[in-house]
Structures are given as structure tokens and as C-alpha cells.
Amino acid sequence: MGAQKKGASRASEDPEELARLPLQAILLADSFTTKFRPITLERPKVLLPLVNAPMISYTLAWLESAGVEEVFVVCCAHSKQVISYLENSEWFSQPNFTVTTIESHDSVSAGDALRVIYERNVIHGDFVLISGDTVSNMSLTQVLQEHKERRKKDSNAAMTIVIKRSKPSQIIHQCQLGTDVLFMAIDPNTKQLLYYEDNADHAKGSIYIDKLLLADKSSISLHNDKQDCYIDICSPEVLSLFTDNFDYHHLRCHFLKGLLVDDIMGYKIFTHEIHSTYAARIDNFRSYDTISRDIIQRWAYPLVPDVKFFRDSSTKLERQGMYLVSELGQSRSAQIGPFTVIGNGTKIGDNTKISNSVIGDGCSIGPNVSIEGSYIWDNVTIEDGCKIRHAIVCDGVIMKSGAVLEPGVVLSFKVFLILLFLQVVIGQQFIAPSYLMVSLLQQPIKQNSDEKLEYVDNSTGNAEISSLTHALDISNGEIANQQQETQCWATSELGIGGAGYVWSICEGGHDEGWRHSVAPIPTEKLAEVIQAAEDDHDGSLPTSDSDSDEEPRDDSYFENEVEATFLRAVDENIKVENVVLEVNSLRLSYNKQTANCAGAVFYSMIKLALESPHNSAGELVQALMKVITKWKGLLKYYLSDIDEEIEVIMKFEDMCLESAKEFSPVFDKILYQLYDHTIIREEAILRWDDEKRDADASDRIFVRQAEDFIQWLREASEEEDEEE
């Protein structure tokens, strides 16, 4: 419905006075969703560890670095925990950076929280609106300037939202963050947002846009390759609009879409696209995994584990993306693989293997344990012989010997500070099936009817927590008795000695659990959707043609994803056919060709060989050929024609000139080995030479280096022709 303007919320329009106003931000310390249950029944989402630091620390660190001077943190669910954390953190003592908490027990949506801010009358000009689960390193200078310039020309310019280019999979209709494909219509000249739909019916294969959008627009750009970063620059009128419209709850479903269809007041929303910087919001477990890996791979720099921004950390960056602390109790026979973070005071037993994982502080990991692609939070005990793959294990969990966590499992915390009894315990040799969720709290029977409203289910979650808090006043013996009397823990479900409630997956069951999980998409599901897409290619939506330039980091980001996949395959000895399925899913997500996959796989092999111990050029060649020989099947899968083989040669050229200069002196020897191992055919090498014939001297460096080998190939080819 149309909003009624109220002049009371208007800030000063005097340019000099506006220039003197400090830059303010509203930080919502509640997502108002249930996507992180059962974990968020016990701890607020913004305090969950993200690569061993609370999510809200990343948001506050960015706001401070971006020049924000005043932050108002709205605390709703678990407000006491958030306030206590902030009061005892360094954020309350930073110079030129003021953090003020505003507690609201009655706010059950983002709209309610903003109405509370309006009533406090603390916002005096344009402000940044963000939630405490957002990670970014972008500069605010340009977007703020654009917003202010628009406001001078048009007082109805209410908001500017930050977007970035994404690579959604049109096969599974979601992006890498686990969110649905977003459709946008934008005026390419003014950057005004005209249409926004994040809940389209993909079964229809089409969307419908009001033709009136074109009435006064010479052109519009349609996009299905943009990601909403949930960073908004708002005018003060935004707060009054929420106050005037009590049916505005959700920032996007209600407020943003409401303004887009409101033809009475005429408020406008604009977009600002970032390219070379990072911004993303943690919406579900899959985005938690994706953003964690982005941080480890340093896309969010300087918000990385080895740079102090949230605590006194002794973490050091080692080779292959390993972040280790000085106080690490690691057995000599333990193996820590690539892209892994280990917290302070953690002990790792004999013959244990950890890769592509984050391990928190104070964990005790026994011998012969295997952890891959997982998130182990603080003070977790994992006994000998356990296997954990792509799972989340929260604070204080105990895993008995031989227990196995299949991909997608979530084990929630112990309750509060009771150390002896109230802990999630996984029994001996228990195998937790994929997507299992276990908590000390029972699953609420009443579920929210409309999660899009971002409501907190106070009647269930908080009541359950309250029902257990009185245990804090009971002695250990009484707690044990209560355990036996109430049958709180279904030990039969969790193996011998197990303790905790097993939660069911509500929306779509196990068949849909993979969409929002930290686990990779199952190979059988990938094979199914890829085959379906190939059988019905015409039914998939094309990637949008936008006027914007390609995002500079697309190629390198794709290569890094393939490299991470390859290193995990090496570390875990994954079968080639399964690696192919994962690389194919990345190819679809990034809209790449088979030749790009070939180049990225070869790039990964080169990088791995460089990390191998070698004292001479000859040993380096041997190291590379050892890798290539073992994974020949993977590389050959993407070398089905001559063009793809030429792509590998040219990729090798680029690497020898830039990131792998150690290979430059032995380029010709490697080229010969690739030919000798039937990876690169003679025709590809000769065509590469022909294509370089008229190139500049600087572009023929490696052709000249390999000219003896190329001449030998040509002579051998001519002799064969003569014999025929």
C-alpha cells in the first residue's frame, strides 16, 4: 500500500551541516530466520564462529575500516549474549568508532527493529543498513558519493543496494551461496532498480514483467547473474516508511518490493555494482561454507585469519593455504592438508589427517581421525578412529571412538556452561547419516508458517531453553537423576553412550537437504541434474547479457575452486569420476567451457608440483610428471579435441611467465613429456607453433625454446607422409 510521508524523520538538507554529520550504520544482530536451527536456539547467529571469529566481528571490522563512525546494534533474539560479547570486546573502546547496543525483546522482524530505531531518533542523515552476518572489504566512498549526488537531484532516491556479479547454476537454480537465482531489471543509464524477484517459479522457465516498466524507459537490462550483498545505503526516510507501514517486515520481500510497485509516493531504489572487492551475506549452511572458504583463500583480505582484527592471534599462513598457531599440539605423524585453519591449544593425535577444514580452540583430536571439509568449533573432543566429512560440530561436543559423520551432519552445542552432563555425545562406532541434525533441545513442534517474514519462534525456542535453564541451579547428582527421569536423550538413536535429540529435516526432507548444506552436492544428484539439463537444454534459462564488463576475478576464482577440489581429491584419494562430477558442476556454475576446465586442472597440477620438495629443475619435472601420471585420467577427460590441448599449452605458457616461473627453463622438457605420455597430441603442438608464427618475439619465447622438439615432430610427420 502507499506510504504516507511524515516530515518528522527528515534530516537537515543543508549541505554544510550534512558534511559535518558522522557516518552512521544500523547493524541488525538478528537474521529473524530459522535456517541455522538447532544451533541458533542456543546462541545467536551473529556470534557463531566464522573461521574462528564471531560473524559480527567481520561486519564491525569492515564498518570501522570503511569510515563508519557510529554503529547502532539492534539486539533481539539472545540479546543478552550479544550485548555481553560487545561490552567485553574491543569494539567498545575503539577511537573514532562508537558502538551502541539497542535491546528490543518485542521485535520479531527487521521491520520491527527499524521501527525501534526510528522511535529512538538517533539517525540524523544517510546511513548504512547491514546485518551482522555480512562479510565485506569494499570501500563505501563511491557508493556514498553516488547516493548523495542522486539525493541532490531527486529527493525520492530512498536507497542504494550493493550488488555484484554472480555465477548461479541454472541447473539447480541457486548460486554458490545456496540462495535462489535472483532476477533483476535495472535501468542501464541511471542504475535504478525496476524489478526484483528472488522466489521465481523455475518450473515455468520464464518470468513476467509489467510492460509499464518500459513506458518511460528507453531500455532496461534483465539480469539473472547478480547477487544481492545486503549492504544498503539508506536515506532517513527509509525509517519513516517502515513506521508508516506496519506490514513491512522483511527488507526485501516487503519493503523493497513494496517501493518498486508503489506508484503513489514515487520512492526509488538504485543499485551499485562492485567488481574487484568482496561482499557476501551468510544466509544458510551452504553460504557459511562458501564464505569460510573465501576467507581462507583470502578473497576477503584483510579479513583473514593471520591478520589481527578481532583478537590477539598468533595464526601464521603456511604453504597451501594452511593457517597454524604457535601453540599447536600436533603429532609428527599427523597430516594437515591444504586450506585448513587450526585454533589455539588444539591437540592432534598420531596419524590423523585434516584438510579443507576449520578447527577451533582447545579441541582434542585423537589418533587415526580423518576430518575433511568440516567445521569443528571450540573445545570439541574427537576420540580415536572417527571420520568426519563436510559436517559442523559445535562447542563441547564429544565424539566417541569410531564414530562417523557423513556429509551434511550438524551437531549442536552443549547447553550453557554445564560441562559434565549436558553435552551432545555421539556414541561409539555410531554412523550419523547425511544431513542428520542433533541437539540437546527437542525440535519445536510448531514451525513458522511463513519464514519469509523472518519471525523468531519465541513460543517454542525460547521456552525450551528456559525449561532447561533451571538445571544451572541443580547439583551434578540432581542433573544426572533428572536425565534418567525425563528421558531427555534418546541414547538408542545415537549409539552406545550417545546423548541428544535427532532433528528431522522439514522442508523437502533428505531429498532437498543437500541444497543448503555445507556438504558438496552429492555426485549422484549432480549426475542426475546434469543429465536432465542435457536432455532438456532448451528448458534452462540462458545467462543474461548485461552491459557491464566481466568481473575481473571470475577466471581466477574458477581456477581456485577447481584447485581446491583437486587438492581435496589428492588428499582424500577421491576417484577420478567423482572429481569430474564436481568440476563439471563448477563449469556449469561459472558458465565455462571444457577448455577452461582443462586449463584449470593443469594449473592445479602445476601448483601442486611446485609445493613438492625439489632441489633442481630435473626434480621439478619429475614431481610434475608424477602428479600428471597419477591424475592423467582427470586431465584427459577434458582434452577431447585439439583446441582443448592447445588451451593447456597456452595456459602453461602463461604460468611460466607469471605464477610458475620455475618451470620456464624446462618448458620444452615438460612439453615433450606431455607428448610422450599421450596427453598432448602432435597435431596440437604443431598448430600451436603455426598460430605463433606471426606473433611478436616476446610471444614466441617458448616456441623458440621448443624449436628442436617441434622440428623433430615435423620431420617425423613428413617421413610418415612419404612412407604412406
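Above this text sits the structure in question.
The structure displayed is predicted, hence computed values, not measured ones.

Let's shift gears to the environment of Gly321. Tracing the sequence through the fold places Gly321 in the loop between strand E15 (316–317) and strand E16 (322–324). Residue class for Gly321 comes out buried when judged on its relative accessible area of 14%. C-alpha separation for the pair Gly321 and Asn356, spaced 35 residues apart in sequence, amounts to 9.1 Å. Apart from residues lying up to four places away in sequence, Gly321 is in contact with Ile296, Pro338, Phe339 and Thr340.

Strand order across the open sheet formed by seven strands is E5-E4-E1-E6-E12-E8-E13, with mixed pairing between neighbours. The two strands at the open ends of the sheet, each matched to only one other strand, are strand E5 (98–103) and strand E13 (268–274). Each neighbouring strand pair of the sheet contributes to a mean axis angle of 30°, computed without reference to strand direction. When strand E1 (residues 24–28) meets strand E6 (residues 127–131), the two strands line up parallel, connected through five bridges.

A word on the nonpolar core. Generally speaking, nonpolar side chains in soluble globular proteins are found buried as a group. Core analysis: the biggest nonpolar cluster contains 128 residues, and Leu50, Leu63, Leu140, Tyr288, Ile392 and Phe663 have the highest contact counts within it. Tallying contributions element by element places helix H15 (residues 594–611) first for this core, with 11 residues. Look past the residues within four positions of Leu50 in its chain and what remains in contact with it is Met55, Tyr58, Val135, Ile282, Tyr288, Ile291, Ser292 and Ile295. By size, the runner-up hydrophobic cluster in this structure holds 39 residues, among which are Ile102, Ala110, Leu129 and Met265.

What follows concerns the packing of helix H4 (residues 110–120) against helix H6 (residues 237–244). Any two packed helices are characterised by how steeply their axes cross, that is the angle between the axes, and by the distance between the axes. Viewed as axis vectors pointing N to C, H4 and H6 meet at an angle of 115°, and their least axial separation amounts to 9 Å. Two packed elements cross with a definite hand, and for H4 against H6 that hand is left-handed. Where H4 abuts H6, its residues Gly111, Leu114, Arg115, Ile117 and Tyr118 lie against Leu239, Ser240, Phe242 and Thr243. Of the residues assigned to the contact of H4 with H6, the class counts are five nonpolar, three polar and one charged.

This brings us to the packing of aromatic side chains. For the coordinates displayed, the defined rule picks out 15 aromatic pairs. Each ring, one from Phe566 and one from Trp631, has its centre 5.6 Å from the other, and the planes form 70°; the classification is edge-to-face. Taken as a pair, Phe566 in helix H13 (residues 554–572) and Trp631 in the loop between helix H16 (617–630) and helix H17 (632–637) lie far apart in primary sequence, 65 residues in all. Taking relative accessible area as the criterion, Trp631 reaches 4% and is therefore assigned buried. Centroid distance Tyr637 to Tyr638: 4.9 Å. Interplanar angle 80°. Geometry classified as edge-to-face. Look at Tyr637 and you get partly exposed, because its relative accessible area is 45%. On the basis of relative accessible area, Tyr638 is assigned to the buried category, the value being 1%. Pairwise contacts between aromatic rings join Phe36, Phe285, Tyr288, Tyr375 and Trp377 into one cluster. The ring of Tyr230 has Arg281 lying over it, and the distance from NZ or CZ to the ring centre is 4.8 Å.

Conventions we followed
Throughout, a residue's number is its position along its own chain's written sequence, starting from 1. Note on the predicted model: pLDDT of at least 70 is required for a residue's local features to be given, and 80 or more for side-chain atom pairs to be given and counted; whole-chain, interface and lining totals, by contrast, use all residues. Note: side-chain values were computed over all heavy atoms of the structure, leaving out hydrogens and water. Helix and strand definitions follow DSSP, with helices as H or I runs of at least four residues and strands as E runs of at least two, each counted in order from the N terminus. Remark: exposure states derive from per-residue accessible area (1.4 Å probe, protein chains only) relative to the maximum for the residue type, with buried under 20%, exposed over 50%, and partly exposed in between. We call two residues contacting when some pair of their heavy atoms lies within 4.5 Å. Strands pair, by our definition, only if DSSP identifies at least two bridges between them. Axis definition: a line fitted to C-alpha atoms, over the contacting stretch in the case of helices. Angles run 0 to 180 degrees between N-to-C directions. Residues belong to one nonpolar core when they are buried, are Ala, Val, Leu, Ile, Met, Phe, Trp, Tyr or Cys, and are joined through side-chain atoms within 4.5 Å. By the definition used in this description, the sense in which the near helix is turned from the far one sets the handedness, with an anticlockwise turn below a right angle giving left-handed and a clockwise turn giving right-handed. Here the term charged refers only to Asp, Glu, Lys and Arg, the term nonpolar to Ala, Val, Leu, Ile, Met, Phe, Trp, Tyr, Cys and Pro, and the term polar to all other amino acids, Gly among them. Stacked, edge-to-face and tilted are the three classes for Phe, Tyr and Trp ring pairs, Trp counted by its six-membered ring, which pair at centre distances within 6.5 Å; planes under 30 degrees apart are stacked, over 60 edge-to-face, the rest tilted. Here, a charge over a ring means that NZ of Lys or CZ of Arg falls within 6 Å of the ring centre while also lying within 35 degrees of the ring normal.

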